[in-house]
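# Reading the structure
Residues per chain are reported as follows:
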Amino acid sequence: MKEAVKEHDFEPVRGLPEHLPAGEKMLWQGAPRWTALARSVFHLRIVAIYFVVLAVWRIAEDWSADSSAASALMGVLWILVLGLLAVGALAFLGWAMSRATVYTITNQRVVMRVGVALQVIMNLPFKQIRSADLKLYRDGTGDIPLLLAKTAHPSYIIFWPHVRPWHFSPPQPMLRAIPDADKVAVILADALNAYSEQSTESARSENDDEDLSGPPLISQRETVS
C-alpha cells in the first residue's frame, strides 16, 4: 500500500527549496501565529464587533417598534448566522495562511515560503537588506519589516500579506505576526551585524591585496596630487 504524499514532502528542508550550502547555517525558523494573523490581516475582531453592533441595533429597533420577542429573535438570528459565517471564514483564512507560511533566518539570508493556493519561496540575501524594524503587540507577537536595497524591486502583490501595510514605494517584505518577535529580532540583528562585519573585513582584505599588487607608492602619490 502506497503512503500518501504529504504537503511539502518535496522540500529537502522544511521551508527551503534546497539544502543549505556549506558555511550557511539556520539560526531560526517559524511561522505566524494564526490568531494574530487573522486579527491583523483580515481584521477578525473588527468584523466580529461590527456584527455584534448590528445585532444590538436590530434588537433596539424591534424593541422600540413593540415587536414580539419571537419576531425580534428571528430578526437577529440571520445577523448572528451571517456573523458566525464571516468570522469563521476569516479565521480559517488566517489558519490556512499561517500553516502554509515558513520564515527562515540563516547567517546569510532570510527565506520566506508564502502562499496558500500558489506557494512561492522568496530569498532575501543579507547583502540586499539595508535595515530591519520591529513592531510588538500586547500578545507577544510582532512584525519585522525589512528595508531592501534600492536595486531590489519586490512586488507588493506577490509578498502580500507578508509585507508592511501601506508601504508601496518601496515595498518592505515583513515577517508578520510571529511569536516572541523581540527574540527573533535580536537573532536577525546579530546575524546582520555579523554579516556586515565579515563583508567589511573581506572588502578590506581585497583592498590590501590590490594595494600590494598595484604600482609603486610614489606613482600613486603623483597621481593623487
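To be clear, the structure that these remarks concern was listed above.
For the structure given in this document, a descriptive report is provided here. Just so it is clear, the model here is predicted, and its values are computed rather than measured.

### Considering the packing of aromatic side chains
Within the structure shown, the criterion is met by six aromatic pairs. Both rings, one in Phe-92 and one in Trp-95, keep their centres 5.8 Å apart while their planes meet at 35°; by these two values the pair is tilted. Pair noted here: Phe-92 and Trp-95 are both in helix H3 (residues 69–100), with a separation of three residues, about one helical turn.

### Quick look at the side chain of Thr-104
On the secondary structure map, Thr-104 appears in strand S2 (residues 102–106). Residue Thr-104 is classed as buried on the basis of its relative accessible area, which comes to 0%. Within the structure, the side chain of Thr-104 is placed 2.9 Å from the side chain of Gln-29, a separation counted as a polar contact.

### Topic: the pattern of salt bridges
Scanning the entire structure with this criterion turns up two salt bridges. With its nearest N and O atoms 2.7 Å apart, the salt bridge here joins Arg-109 to Glu-24. A residue pair is termed long-range when its members are at least 10 positions apart, and Arg-109 in strand S3 (residues 109–114) and Glu-24 in the segment before strand S1 (26–30) qualify at 85 residues. Arg-109 sits in the buried class, given a relative accessible area of 12%. For Glu-24, a relative accessible area of 11% corresponds to the buried category. Here Asp-139 makes a salt bridge to Arg-39, at a shortest N to O gap of 3.2 Å.

Conventions and cut-offs
Residues numbered from 1 in each chain as written. Predicted model: local features only at pLDDT ≥ 70, side-chain atom pairs only at ≥ 80, totals over all residues. Heavy atoms only, no water. Phe/Tyr/Trp six-rings, centres within 6.5 Å; stacked < 30°, edge-to-face > 60°. Helix = DSSP H or I, 4+ residues; strand = E, 2+ residues; numbered from the N terminus. Buried < 20%, exposed > 50% of the residue type's maximum accessible area, 1.4 Å probe, protein only. Polar contact = N/O pair within 3.5 Å; in protein donor to acceptor, adjacent residues only side chain to side chain. Salt bridge = Lys/Arg side-chain N within 4 Å of Asp/Glu carboxyl O.

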